[in-house]
Structures are given as structure tokens and as C-alpha cells.
Amino acid sequence: MCIRDRLVSEDGEIFKFARVVEGMGIYLIKNKVESQYFEKIDLNSFVQNCIRFTEEAIAENNKAIVIPASRDFAKIVSLEDNAQIAVFAKFAQIVSNGENVKIASCENDAQIISNGSGACITASGNNAQIASNGNDTKIICDGVNSHIISNGSNVRIADSGIRTYMVSCGDNVQIASCGEGAQIVAKGKNTIIAAIGKSSIARAPKGSWITLAEWVKINKPGEKENWKLKCVKTERVGERIKEDTFYKLADGKFEETIGKK
């Protein structure tokens, strides 16, 4: 059975479609979402697929196999709590409005919007755009040129990508970045930022903490580029460094700088 024809879950549950467009699936499904694709369908083909699923489940001792798709341009909308969404498509667009949702995307150019609390979002492709509006969210990002916007409190963000740009608006947020060229903007109270990647900068409101690292190039002319960690330093905003001001670490000191456009 071709994955593009799969219209029921591995547990035999019928997918609840928001709508269907030619060549691209947009659908709602309880608890679990798979990235899948199909042409326009009608009720007859839907019923036939359900029957086919039943026959296969019986033949395989009631255990159905669902293979994640890998085609481009997936669009997924989930309104359920505790959903698990795994997408392997480029240009994926994912919208989730449930609580405690888990979202994973591993291809480039993903757009992820999560509006519920307790979400766990993982994006490992390049050019990812992530917007999270819930509290107690965990965001993990590992790609190039990713953008992260978080509006919730008690959020945890971990970034290991390159040239990540992130904005956090909630209180009590913890941000850890070890990627190169990160730009971090915190607007909420009691934020803790650790940006220890090369050429990273950060700014935060009064009372927050910022940790930055300084790296120096150690290779000789003509050799492969190589960097060594020189210094790591932490400052509390409002004491020796200004609030809402970008800083980098240079010569072991926090130095004001300009955000990258």
C-alpha cells in the first residue's frame, strides 16, 4: 500500500480531514500526525482505504505499518492535546493548537507555529521558522539561519545551529546557545542567557543574566581555520552592563555592539 493512500492511523483510527487539496495533505488527526500526501479523494476512495487497512492489519496480526513520507510541501494542522507530529518534508508548514504537543521537523525551510503550553519542538533543518505562544515550552534547534520567537513564560530554548536569531518575550526563560553567530533578544524578566558560540551576541532586560564566550583564531595563514575558546564571562544586566543593549565579549570584557540585520 502506497503511503500517499494511507488515510487511517496505525491504530486503525480514521483521520479527520480539515480539507484536501490536490497533491498536498492538510488534515487533523487525534494524538498522532504523520506527514503524508495524496491527490484529491472522494468518499468512495476513503472507504476503500479503510477496508484495505483492515485487511492488512488482519494479515499482519493486527499490527499496521506506517511509513513517514518524504515529499515536499507538507501542511499539517493539529487541534488535539498530546499530539505527536513528525515531519520529514521540506517546506513543511505545521500549526498546532493543543497542549503538551511534540513536534519534530528534520528538513529545511520548516515553518512551525505552536499555540499550546507544554510543547516540545525540535527542528534540525536549515532556515526553520518557529513561533511558540505557550508557557513551559521546550525548543531545540540545530540548523543554519533559523528564527525563533517565543511568547511564553518558563520556556527552555537550546540552540546549536549557525546564525540563529531568537526573540523571547516571556518571563523566567532559559536560553542556551552554542552555535556560531547567534543573536538573542530577551524581553521578559529573570531571563538567563548562555550564548557561548563564536561571534554570538545577546541583550536582555534588567535583572537578567547573560553569559558570553570569546573565541580566538589560532591557525597560521594558509592553514585550515581553527578557533580556540579564550574566555567565558557572566554579567547581571543592570549592574555593570546596560539593559536592552546588545553585548559581545571582547578582550575578556562585555562590549556594546549592534545587532545584525
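Residues numbered from 1 in each chain as written. Predicted model: local features only at pLDDT ≥ 70, side-chain atom pairs only at ≥ 80, totals over all residues. Heavy atoms only, no water.

## Some words on unusual backbone geometry
- The phi torsion at Phe 91 lies on the positive side, around 60°, for a residue other than glycine.
- Tracing the backbone through its elements, the reader meets Phe 91 in the loop between strand S5 (84-87) and strand S6 (93-96).
- A positive phi is found at Asn 100, a non-glycine position, where the angle reads about 55°.
- Mapped onto the secondary structure, Asn 100 falls in the loop between S6 and strand S7 (102-105).
- The exposure class assigned to Asn 100 is partly exposed, which follows from its relative accessible area of 42%. (Helix = DSSP H or I, 4+ residues; strand = E, 2+ residues; numbered from the N terminus. Buried < 20%, exposed > 50% of the residue type's maximum accessible area, 1.4 Å probe, protein only.)

## Overview of the side chain of Ser 200
- The residue Ser 200 is located in the loop between strand S17 (192-195) and strand S18 (201-203) in this model.
- Of the polar contacts made by the side chain of Ser 200, one reaches the backbone oxygen of Gly 179; its length is 3.3 Å.
- Excluding anything up to four places from it in sequence, Ser 200 contacts Gly 179, Glu 180, Gly 181, Ala 182, Ala 195, Leu 212, Tyr 247 and Lys 248. (Polar contact = N/O pair within 3.5 Å; in protein donor to acceptor, adjacent residues only side chain to side chain. Contact = heavy atoms within 4.5 Å.)

## Focus on the pattern of salt bridges
- Across all of its chains, the model carries 8 salt bridges by this definition.
- The salt bridge partner of Lys 198 is Glu 180, with a shortest N-O separation of 2.9 Å. Of the two residues, Lys 198 is situated in the loop between S17 and S18 and Glu 180 in the loop between strand S15 (174-177) and strand S16 (183-186); the sequence distance between them amounts to 18 residues.
- Notably, a salt bridge pairs Glu 225 with Lys 217, separated by 3.7 Å at the nearest N-O pair.
- A relative accessible area of 48% places Lys 217 in the partly exposed class.
- Because the salt bridges share partners, they merge into one network encompassing Glu 214, Lys 230 and Asp 251. (Salt bridge = Lys/Arg side-chain N within 4 Å of Asp/Glu carboxyl O.)

## A look at the environment of Val 87
- Here Val 87 shows up in strand S5.
- A sequence separation of 16 residues divides Val 87 from Ile 103, and the C-alpha atoms of the two residues are 8.1 Å apart.

## Structural notes on the side chain of Ser 208
- Secondary-structure assignment places Ser 208 in the loop between S18 and strand S19 (209-217).
- From its side chain, Ser 208 meets the backbone nitrogen of Thr 191 in a polar contact 3.1 Å long.
- Setting aside residues no more than four positions away along its own chain, Ser 208 makes contact with Gly 188, Lys 189, Asn 190, Thr 191, Glu 235, Arg 236 and Val 237.

## Concerning the packing of aromatic side chains
- Counted under the stated rule, the structure contains 1 aromatic pair.
- Directly above the ring of Trp 227 sits Lys 198, whose terminal nitrogen or CZ lies 4.4 Å from the centroid. (Phe/Tyr/Trp six-rings, centres within 6.5 Å; stacked < 30°, edge-to-face > 60°. Lys NZ or Arg CZ within 6 Å of the ring centre and 35° of its normal.)

## Topic: the nonpolar core
- Grouped together as the largest cluster of nonpolar side chains are 37 residues, with contacts concentrated most on Ile 85, Val 87, Ile 193, Ile 210 and Leu 212.
- Counting only elements with at least two residues in this core, the list comes to S5, strand S9 (120-123), strand S11 (138-141), S16, S17, S19 and strand S21 (247-250).
- Among residues more than four places away in sequence, those in contact with Ile 193 are Ile 175, Ile 184, Ala 186, Ala 202, Arg 203, Ala 204, Trp 209, Ile 210 and Thr 211. (Core = buried A, V, L, I, M, F, W, Y, C linked by side-chain atoms within 4.5 Å.)

## Here's the deal with the confidence of the model for the protein chain
- Looking at the protein chain, pLDDT values average 78 and 72% of them are 70 or higher.
- Every residue in residues 1-44 is under pLDDT 50, and counting partners more than four places away or in other chains gives 131 contacts.
- In the predicted structure, residues 61-70 sits below a pLDDT of 50 and forms 20 contacts with residues beyond four places in sequence or in another chain. (pLDDT = per-residue confidence, 0-100.)

## Notes on a nonpolar patch on the surface
- A cluster of nonpolar side chains, contributed by Ile 196, Trp 215, Leu 229 and Val 232, occupies part of the molecular surface with about 320 Å² of accessible area.
- Structurally, Trp 215 is set in strand S19. (Patch = residues over 30% accessible without salt bridge, like charges linked within 9 Å, V, L, I, M, F, W, Y side chains within 5 Å. Areas by Shrake-Rupley, 256 points an atom, 1.4 Å probe, with all protein chains shown as cover.)

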